[in-house]
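Structural overview for review
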Amino acid sequence: MILIDGKATSEQIKKEIAQEVLLRKEKGLKIPHLAAIIIGNDGASMTYVNSKVKSCMQVGFNSTLIELPENTTEEQLLHEINILNLDKDIDGFIVQLPLPHHIDEQKIIMAIDPLKDVDGFHPVNVGKMTLELPTLLPATPYGIMELLERYQISTSGKNIVVIGRSHIVGRPMSILLSQKRKTGDATVILTHSRTQNLIDYTQKADIIIAALGKAEFLTGEMVKQGVVIIDVGITRIEDNSKKQGYRLAGDVHFESVSKKASYITPVPGGVGPMTIAMLLKNTLNTCLMK
Ligand code: GUN
């Protein structure tokens, strides 16, 4: 069994990005600038956003963090987005999800300038991705593609089962892996909460992308020997033996599945750090496109 080290791979990608930033500095070109808007003080969201800002510093990007209170109105958020859309120094920005219930998520995503949408969530970018046109890819699926490529895990002709149809991970992942591209050409089955007899699909899968958000859902008996496992889940589980009072669990029951897997991503240290690295890559790409 080979552990897919997302932490080390993401560090390598960040090193590559930092080198590009240095070259840009030497040539007097613009330094990439990423902004993030976060609303409220959800612990997990704040952890993610702070890691994004920290990673910007690591690669030499400029970064701006906009923290807004939980009771921010939709109009106020749209106003902030408009300011970032118009700010020539900002190359890309994200609005951290999930948003409070009183704000329409889709309306917010639609308000972001597609050229600055480094999350790749805007319908224009989703459409371009679907049609295989050059665009900003959503960071988590982009990171998974990069892991498969760098670990030389072939997807061509393979049976891939994606569990979970979210707009952020499952759906785009299923589209990308089925496309005629380097890490693609797979036969993809997109499964979800209404799928009947899920085990019939997972037991036949060469590669499984687990992105349903249920801790330790995929167990050893559900997979075949030699399967490749990509675990996107990250859930906090109460654990009083830990200093923070919780531990992090993926969507995969690591102990039983790792016994059968040929490759597997750990949680933490698998897909998570790759998402941040690819967000930085997208931000650099927006700069290169200018
Ligand atoms: N919440 C969970 N994942 C993501 C992500 O990739 N981007 C944003 N903006 N919010 C998220």
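Counting restarts for each chain: residues are numbered from 1 in the order of the written sequence. Only residues with pLDDT of at least 70 are given local features in this predicted model, and only at 80 or more are side-chain atom pairs given and counted; all residues enter the totals for whole chains, interfaces and linings. Hydrogens and waters are ignored; side-chain quantities use all the structure's heavy atoms.

Thoughts on the site of the ligand
If you check the shell around the ligand, you find V95, Q96, L97, D119 and F121 and nothing else. Polar contact is the term for a pair of N or O atoms within 3.5 Å; when the atoms are in protein, one must be able to donate a hydrogen and the other to accept it, and sequence-neighboring residues count only if both atoms are side-chain atoms. Q96 has a polar side-chain atom sitting 3.3 Å from a nitrogen atom of the ligand. At a separation of 2.9 Å, a nitrogen atom of the ligand approaches a polar backbone atom of L97. All accessible areas in this document rest on Shrake-Rupley with a 1.4 Å probe, and a residue is counted as covered only by the protein chains that are shown. When the ligand sits alone it has 280 Å² of accessible area, and the protein chains cover 83% of it. Three categories are distinguished: nonpolar for Ala, Val, Leu, Ile, Met, Phe, Trp, Tyr, Cys and Pro, charged for Asp, Glu, Lys and Arg, and polar for the others, with Gly belonging to the last. Looking at the shell around the ligand residue by residue, the classes come out as 3 nonpolar, 1 polar and 1 charged. The rule for a residue being near a molecule or strand is that one of its heavy atoms must lie within 4 Å of it.

With respect to the packing of helix α6 (residues 139-150) against helix α7 (residues 170-178)
Axis separation between α6 and α7 bottoms out at 9 Å; the angle between their running directions is 40°. Classified by the angle between their axes, α6 and α7 sit oblique to one another. α6 and α7 meet at a crossing whose hand is right-handed. Where α6 approaches α7, its residues P141, I144, M145 and L148 are matched on the opposing element by P172, M173, L176 and L177. Of the residues in the contact of α6 with α7, the class split is 8 nonpolar, no polar and no charged. Working convention: axes come from line fits to C-alpha atoms, limited for helices to the stretch in contact. Angles between N-to-C directions cover 0 to 180 degrees. Secondary structure elements follow DSSP: runs of H or I no shorter than four residues count as helices, runs of E no shorter than two count as strands, and numbering proceeds from the N terminus. Should an angle fall under 35 degrees it is called roughly parallel, over 145 degrees roughly antiparallel, and 65 to 115 degrees roughly perpendicular, with every other angle called oblique. Two helices crossing with the near one rotated counterclockwise from the far one by less than a right angle form a left-handed crossing, whereas a clockwise rotation gives a right-handed crossing. Residue contacts are defined here by distance: any two heavy atoms, one from each residue, within 4.5 Å place the two residues in contact.

Details of empty space enclosed by the protein
In this analysis a 1.4 Å probe is tested at points of a 1 Å grid over the protein atoms alone, and where it fits but cannot get out there is a cavity; an open set with protein on both sides within 12 Å along at least five of seven lines is a pocket; lining residues have an atom within 4 Å of a point. Grid points are joined across faces, edges and corners, and a volume is the space filled by probe spheres set on the points. Taken as a whole and judged by the stated rule, the model has 1 cavity of 30 Å³ or more. V95, L97, I108, I109, I112, D117, D119 and F121 are the residues that line the largest cavity. Among the residues forming the lining of the largest cavity, the class breakdown is 6 nonpolar, no polar and 2 charged.

Focus on the pairing of strand β5 (residues 159-163)
We call a residue buried when its accessible area falls under 20% of the maximum for its residue type, exposed when it is over 50%, and partly exposed in between, using a 1.4 Å probe and counting protein chains only. Among the 5 residues that make up β5, 4 are buried, leaving the element largely enclosed by the rest of the structure. Handedness rule for crossovers: strands pointing away from the viewer, path from the first strand over the helix to the second running clockwise, crossover right-handed. A crossover links β5 with its parallel partner strand β6 (residues 187-191), the connecting element being α7, and its sense is right-handed. Of the strand pairs in this sheet, β5 and strand β7 (residues 207-210) are connected by 4 bridges, and their pairing is parallel. Bridge assignment links V161 to a residue of β7, and that residue is I208. Strand pairing follows a simple DSSP-based rule, namely that at least 2 bridges must link the two strands.

Re helix α1 (residues 6-26)
With 21 residues, α1 should cover 30 Å at 1.5 Å per step; its first-to-last C-alpha distance of 30 Å lies within 8% of that length. Among the residues of α1, the N-terminal cap falls to D5, whose side-chain oxygen and the backbone nitrogen of K7 are separated by 3.2 Å. Positioned one or two residues after α1, G28 has a phi angle of 75°, which is positive. What a helix is expected to span follows from its residue count: subtract one and scale by 1.5 Å.

As for the sheet that holds strand β3 (residues 62-68)
One open sheet accounts for 3 strands, arranged β3-β2-β4; its pairing is parallel. Looking at strand neighbours, the two that pair on one side only are β3 and β4 (92-95), the edges of this open sheet. Put simply, the sheet's adjacent strands are angled 15° from each other on average, direction ignored. Sitting on the sheet, helix α3 (residues 74-86) touches β2 (33-39), β3 and β4, and the angle it makes with β2 is about 180°.

Things to note about a nonpolar patch on the surface
Taken together, the side chains of M1, L3 and F254 present a nonpolar region at the surface, about 290 Å² in accessible area. Position of L3 among the secondary structure elements: in strand β1 (residues 2-3). Using a relative accessible area of 43% as the deciding quantity, one classes L3 as partly exposed. A residue counts toward a patch only above 30% relative accessible area and without a salt bridge, and it is joined to like-charged neighbours within 9 Å or, for Val, Leu, Ile, Met, Phe, Trp and Tyr, to nonpolar neighbours within 5 Å. Note on definitions: salt bridges are taken to be side-chain nitrogens of Lys or Arg within 4 Å of carboxyl oxygens of Asp or Glu.

Side note on the nonpolar core
By nonpolar core is meant a set of buried Ala, Val, Leu, Ile, Met, Phe, Trp, Tyr and Cys residues that side-chain atoms within 4.5 Å join together. Among the nonpolar cores identified, the biggest contains 44 residues, and I17, F61, I144, I209, I230 and V232 are the most heavily contacted of them. Counting residues per element, this core draws most heavily on helix α10 (residues 271-288), at 7 residues. Contact partners of I230, with chain neighbours within four places excluded, come to I4, I144, L148, I208, I209, A210, T265 and V271. Grouped together as the second largest cluster of nonpolar side chains are 18 residues, F93, V95, I108 and I112 included.

Concerning the packing of α1 against helix α2 (residues 43-59)
Packing of α1 against α2 brings their axes to within 8 Å, and their N-to-C directions diverge by 50°. As far as their axial angle goes, α2 and α1 are oblique. From α1, E11, K14, I17, A18 and V21 reach across to α2, where they touch S55, Q58 and V59. A class-by-class count of the residues in the contact of α1 with α2 yields 4 nonpolar, 2 polar and 2 charged.

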